[in-house]
Structure formats: structure tokens, C-alpha cells
Amino acid sequence: MSFVTRGFGGGSRDRDDRLPPGQTLVQDFPVLSAGPTPEVDTGEWEFRIITEAGTHRWSWDEFNALPSEDIATDIHCVTHWSKLGTSWRGVSLDTLFENVESQFDYVMARSYGGYTTNVPLDELLDGQAWVATEFDGEPLDPEHGGPARLLVPHLYFWKSAKWVRSLVMMPRDDPGFWEQNGYHLHGDPWQEERYW
Amino acid sequence: MDHLDGNALAGPLADYFAFDVTEARARCNGCGEVAEFARALVFASPAGTVVRCSSCDHVLATLVEAGERAWLGLSGVSALEVRRA
Ligand SMILES: [Zn+2]
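- Looking up chain A in an unreviewed UniProt entry gives the name DMSO/TMAO reductase YedYZ molybdopterin-dependent catalytic subunit, with the organism given as Agromyces terreus.

In C-alpha cells form, the structure reads like this:
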């Protein structure tokens, strides 16, 4: 005899355990922006990692010559929507940081258009983050951050900076744009780290 | 992304200021322009409202609202000029 009955309505049956607390599933892909969509020509695009020792740069062609991988992941927006099983293609930050040396433990992502967001370096490495250039098998749409966006799916999606241009190493975990203006310094959806 | 003009601020910011925000003039930290808030560009999204300078696009102000709490950021404004009655 079992005291556990499934399918009797109520809470847990409908609750997908891939869904962090306070989140609702969506099928579409809402667009959230803090400003105009920057027009970034891939002929002029560059990606940079900036350390206390100097700057590593990749042009669009150099970037696309790097080994890339398919990424299947759930994404969680702080505005309470989650999207499960999204597919992306991009370059792992492990690849980009291969020859980068820095004494600093924190990273500020800086985007075309001026957006910034902070992430600790150890949350960007070991297969946790990518610079993505494709979504659903297509080049990344500008309104979703194309030509390239940061993808850090284990944190709320404001950390996955659209139109990413640079990762700047920094000695302290300084707050980025939304983090200065009310949002959590870290942003773990499983801990509901939404606001200060 | 579409934006509204600064008059759209009257609603959300009226709750936080005792004067008419759209008539107040603000000095932009980015370019130094002094302009009425009504002329600013307002980008509203579920994550928050972002107010940008119409001259240089610099972020003048932000508003994040979450239930009982709200965060009003004015990092891009060096000063506000308010009309006294
Ligand atoms: Zn300005």
C-alpha cells in the first residue's frame, strides 16, 4: 500500500522539477532590453578578454575558427519565466580563457551598447558558460543579442549579456548595470537571488 | 526596441516624488545636457524601466519594482532642477 498518490491534482504533479522556485514555463522567447538594440556589423565586431597584463582579441573570423559546441540548456529569467531545453551553439569560455592569465577572480562582461554584468570567474569556467552565436540552429537574432551573447544558464538570464564585447578581469565583485540598480549581485535562480 | 517619451514617467515615478517629474530638469552625467525629463527616452520592460538621455543615450535613471520594494536609480543624473510652487 502506498501513501504516495500521483495525479490527484494539486501542487507537485504539475510542477516540473527543472523549474526553479517562483518560475513559470513559457514557450515563446520574450525580449527584454534596457535600451536600443545595437547594430553590430560582424566585419567590425571583436571579442576581447582584458586582464591586468593586456588584451586578448578575436575578430569575427578568428572567433568562428575556434572549436564550438552545441549547448542544450534551460534558461531562467528573473521576470519569472523559464524556457526548458533551449538549443544554442557557441564557444566555451574554457576555450577562450585557455591562454589567459590573471590574478583576479571576478569578471565584468561589457556589451556593445554599454550594458554590463558581473560574474565570478569560477562560475564561467568548467563548462558553465559560452559565448553563443546561434540559437535554434540560426544565427543569433540582434534582439536576442546577436551577433554574440554571453550564455551563463545556471544564473538568471540578465547575466547572459546580450551583444557581449569584452570580459574584463577585476579584483573585486563590482556590480554591473542591473546589480547596481536593485538586482542581486550573484543571481542564482535556485536560491531565488533576485534582488539585493 | 521601442521606447516611450519621458511623459511616460509621470505614472511610475509619481509614486516616489512629491513634484511633477516630467517637468523637472535633469543634468546628464554623460554629455552634460540639461533637459526636462519629459524629453528623455523611456525603455520599459518587465525587468525595470530605464530612462536614457535623448542627446547621448546615457542611462539617466532606472526604476525596478518588486512587490513591496522599489529601487530608484539616478546614477546618470548629476542634479535635478525642481520648480517650487
Ligand atoms: Zn546625455
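## Focus: empty space enclosed by the protein
All names here are of chain B.
Part 1 of the argument: Following the criterion strictly, the structure yields 2 cavities of 30 Å³ or more and no others.
Part 2 of the argument: Empty space within the largest cavity amounts to approximately 70 Å³.
Part 3 of the argument: In terms of lining, the largest cavity is formed by Ala26, Cys28, Glu33, Ala35, Glu36, Phe37, Arg39, Ala40, Cys53, Ser54 and Leu60.
Part 4 of the argument: Elements supplying a minimum of two residues to the lining of the largest cavity: strand E2 (25-28) and strand E3 (34-36).
Part 5 of the argument: Residue composition of the lining of the largest cavity, by class: 7 nonpolar, 1 polar and 3 charged.
Part 6 of the argument: Lining the second largest cavity we find Leu9, Pro12, Leu13, Thr49, Val51, Ala61, Thr62, Leu63 and Leu72.

## Quick word on the layout of surface pockets
Part 1 of the argument: In this structure, the largest pocket spans a volume of roughly 460 Å³.
Part 2 of the argument: Along the walls of the largest pocket sit 30 residues, with A:Leu32, A:Ser33, A:Ala34, A:Tyr115 and A:Lys162 positioned nearest its centre.
Part 3 of the argument: The residue inventory of the lining of the largest pocket, partitioned by class, reads 19 nonpolar, 7 polar and 4 charged.
Part 4 of the argument: Space inside the second largest pocket adds up to approximately 380 Å³.
Part 5 of the argument: Along the wall of the second largest pocket there are 18 residues; nearest its centre are A:Gly114, A:Tyr115, A:Thr116, A:Phe177 and B:Val59.
Part 6 of the argument: Elements supplying a minimum of two residues to the lining of the second largest pocket: strand E6 (106-111) and helix H4 (177-180) of chain A.
Part 7 of the argument: If one sorts the elements of the lining of the second largest pocket by residue count, E6(A) sits on top with 3 residues.

Rules of the game
Residues numbered from 1 in each chain as written. Chains lettered and ligands numbered in written order. Predicted model: local features only at pLDDT ≥ 70, side-chain atom pairs only at ≥ 80, totals over all residues. Heavy atoms only, no water. 1 Å grid on protein atoms, 1.4 Å probe; cavity = no way out; pocket = protein on both sides within 12 Å on 5 of 7 lines; lining within 4 Å. Points joined across faces, edges and corners; volume = space filled by probe spheres on them. Helix = DSSP H or I, 4+ residues; strand = E, 2+ residues; numbered from the N terminus. Nonpolar A, V, L, I, M, F, W, Y, C, P; charged D, E, K, R; others polar.

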